[in-house]
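# Fold and contact review
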Amino acid sequence: MVIVMRPGTEQREIDKLVAQFQLQGLQVGITNGVDCTILGLVGDTTAVDINKISTNKQVERVMRVSEPYKRANRKFHPEDTVVKVGSASIGGGNFSVIAGPCSVESEKQIVEVARDVQASGAALLRGGAFKPRTSPYSFQGMGTPGLDLLLEAKAATGMPIVTELMSPKYCQLFEDKVDVIQIGARNMQNFDLLKEVGKLSKPILLKRGLSSSYEEWIMSAEYIMSEGNENVILCERGIRTFETYTRNTLDVSAIPAVKRMSHLPVVVDPSHSAGMYWMVEPLALAAVAAGADGLLIEVHNDPANAKCDGQQSLTPEHFKTLMDKVSALVDLAGKRMVK
Ligand code: PEP
Ligand code: MN
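These notes cover the structure that comes with them.

Contact geometry of helix α3 (residues 107–119) with helix α4 (residues 144–157) gives a least axis separation of 9 Å together with a crossing angle of 40°. By the angle between their directions, the pair α3 and α4 is classed as oblique. As α3 runs across α4, the sense of the crossing is right-handed. Here E107, I110, V111, A114, R115 and Q118 of α3 come into contact with α4, specifically with L149, L150, E152, A153, A156 and T157. A breakdown of the residues in the contact of α3 with α4 according to their chemical character gives seven nonpolar, two polar and three charged.

This is how it looks when you write it as structure tokens:
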């Protein structure tokens, strides 16, 4: 249930209402908007009498929220959430690009790529240290030493780092070392993992599951938010369809749809959607045109010899061309490119 307070309502009136709902066993999320305060009630609201609340002179409007997602719902929080990471920010008109290799392979590789993508305008560095691979015989990532190499690249460039967490056992390590924690497509519905990252203070980049609906995806964000971590960035990375030509099908509709359903920022990963380097640029531009808040792009300094996802990785030179076009389109969309 959402309660919109009249503009100018005094704080003590709001506090009184909040205390009343808390006594009824409900949790109350408070959003202070530009011109009004919104109370979002979470829990069993069946006993809450809408007519009674509406008689309160400070209450402008009361709405029942039929969707199962509450904290992630735009009705709870009409304004865009802006996720801040160091000097970068994503959402609410701020556009950031996350770039880097699929996996961290060596100090030279990650530092070189970090310098290159930063020079082209990327705001955050990505690189997998723990890799979710379809085959147990494929390269599984460098593990913890990979995290330390990411930290070296961060020290060299100042770029915040984004990397995937697969197991709750590394939560503390990631909390200590990583700036944005990625939950991969395959773990989007690993509810125990979602609950654990919900207790951390770092922003979470939540990738859409291979065959997940918008609602299932937002419900996974809700799991994280229900534990207290409201800094969730949604990432559309292509879904399974009948088409086998591409690795996945980029669902461009997800951008306007999910941004209407939720206030959370939506970034797009054209690399895993396409699975082919030459398709990354047109898909990236389509994502910007459709209203994405950022991009996640795989870049490698030697794609032919990459340990993972070389076929979809851009060279630093190609990434620069892409960034020039993306920047122009971000401008045209009236957004601010964060570097
Ligand atoms: C990745 O970002 O390298 C990755 C494995 O992504 P996804 O979970 O979207 O497949
Ligand atoms: Mn990859």
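Having seen the structure, we can now continue with the description.
Only C102 (SG), H272 (NE2), E298 (OE) and D309 (OD) from the protein coordinate the manganese ion (ligand 2), and they sit 2.0 to 2.4 Å from it. For the manganese ion (ligand 2), the donor residues sit on a single chain with the sequence spacing C-x169-H-x25-E-x10-D. Linking C102 in the loop between β7 (94–100) and α3 with E298 in strand β14 (residues 294–298), this pair joins segments that are 196 residues apart in sequence. When its relative accessible area of 0% is taken as the criterion, E298 is described as buried.

Among the nonpolar cores identified, the biggest contains 68 residues, and L206, L295, F319 and V326 are the most heavily contacted of them. Per-element tally for this core: the top contributor is helix α10 (residues 277–289), with seven residues. Beyond its immediate sequence surroundings of up to four residues, L295 is in contact with F95, S96, V97, I98, V267, V268, P270, A284, A287, V288 and V326.

Throughout the structure, instances matching the rule amount to 19 salt bridges. Here K16 and E13 are joined by a salt bridge, their closest N and O atoms 3.9 Å apart. Of this pair, K16 and E13 both sit in helix α1 (residues 11–23), three residues apart, which is roughly one turn of the helix. Given the relative accessible area of 55%, K16 is considered exposed. One salt bridge connects D148 with K177, and the closest N-O pair in it is separated by 2.7 Å. With D148 in helix α4 and K177 in helix α5 (residues 171–177), this residue pair connects regions lying 29 residues apart in the sequence. The class of D148 is partly exposed, set by a relative accessible area of 32%. Taking relative accessible area as the criterion, K177 reaches 23% and is therefore assigned partly exposed. Each member of the salt-bridge network shares a partner with another, and the members are E10, R12, E13 and K16.

Following the criterion strictly, the structure yields one cavity of 30 Å³ or more and no others. By volume, the largest cavity is sized at about 30 Å³. If you go around the largest cavity, the residues you meet are R126, G127, G128, K131, V162, T163, E164 and Q182. When residues in the lining of the largest cavity are grouped by element, the largest group, three residues, is from strand β9 (residues 161–164).

Tracing the backbone through its elements, the reader meets E281 in helix α10. When the C-alpha atoms of E281 and I297 are compared, they prove to be 9.5 Å apart, with 16 residues separating the residues in sequence. In contact with E281, not counting residues within four places along its chain, are H318, L322 and K325.

The next subject is the site of ligand 1. Taken together, the neighbourhood of ligand 1 is formed by 13 residues, with R126, K131, A185, R186 and R237 sitting nearest. Between K207 and ligand 1, the recorded distance is 2.9 Å, taken from a side-chain N or O atom to an oxygen atom. E298 is positioned with one of its side-chain polar atoms (N or O) 3.3 Å from an oxygen atom of ligand 1. Under a 2 Å grid-point criterion requiring more than half of the atoms, the pocket assigned to ligand 1 is the largest pocket. Split into classes, the residues belonging to the shell around ligand 1 amount to three nonpolar, three polar and seven charged.

Moving on, we come to α3. Across its 13 residues, α3 extends 18 Å between first and last C-alpha, which sits within 8% of the 18 Å expected from 1.5 Å per residue. Considered for burial, the residues of α3 that qualify are Q109, I110, V111, V113, A114 and V117. Where α3 is buried, its residues contact β7, β8 (124–126), α4 and α11 (316–332). Looking one or two residues beyond α3, the residue adopting positive phi is G121, at roughly 110°.

The grouping of Y245, Y277 and W278 at the surface amounts to a nonpolar patch, some 390 Å² of accessible area in total. Judged by relative accessible area, which is 55%, Y245 ranks as exposed.

Reading guide: rules and limits
Residues numbered from 1 in each chain as written. Chains lettered and ligands numbered in written order. Predicted model: local features only at pLDDT ≥ 70, side-chain atom pairs only at ≥ 80, totals over all residues. Heavy atoms only, no water. Axes fitted to C-alpha atoms, helices over the stretch in contact; angles between N-to-C directions. Helix = DSSP H or I, 4+ residues; strand = E, 2+ residues; numbered from the N terminus. Parallel < 35°, antiparallel > 145°, perpendicular 65-115°, else oblique. Left-handed = near helix turned anticlockwise from the far one by under 90°. Contact = heavy atoms within 4.5 Å. Nonpolar A, V, L, I, M, F, W, Y, C, P; charged D, E, K, R; others polar. Donors = N, O, S within 2.8 Å, 3.2 Å for Na, K, Ca; no water. Buried < 20%, exposed > 50% of the residue type's maximum accessible area, 1.4 Å probe, protein only. Core = buried A, V, L, I, M, F, W, Y, C linked by side-chain atoms within 4.5 Å. Salt bridge = Lys/Arg side-chain N within 4 Å of Asp/Glu carboxyl O. 1 Å grid on protein atoms, 1.4 Å probe; cavity = no way out; pocket = protein on both sides within 12 Å on 5 of 7 lines; lining within 4 Å. Points joined across faces, edges and corners; volume = space filled by probe spheres on them. Near = heavy atom within 4 Å. Polar contact = N/O pair within 3.5 Å; in protein donor to acceptor, adjacent residues only side chain to side chain. Sits in = over half its atoms within 2 Å of the grid points. Expected span 1.5 Å × (residues − 1). Patch = residues over 30% accessible without salt bridge, like charges linked within 9 Å, V, L, I, M, F, W, Y side chains within 5 Å. Areas by Shrake-Rupley, 256 points an atom, 1.4 Å probe, with all protein chains shown as cover.

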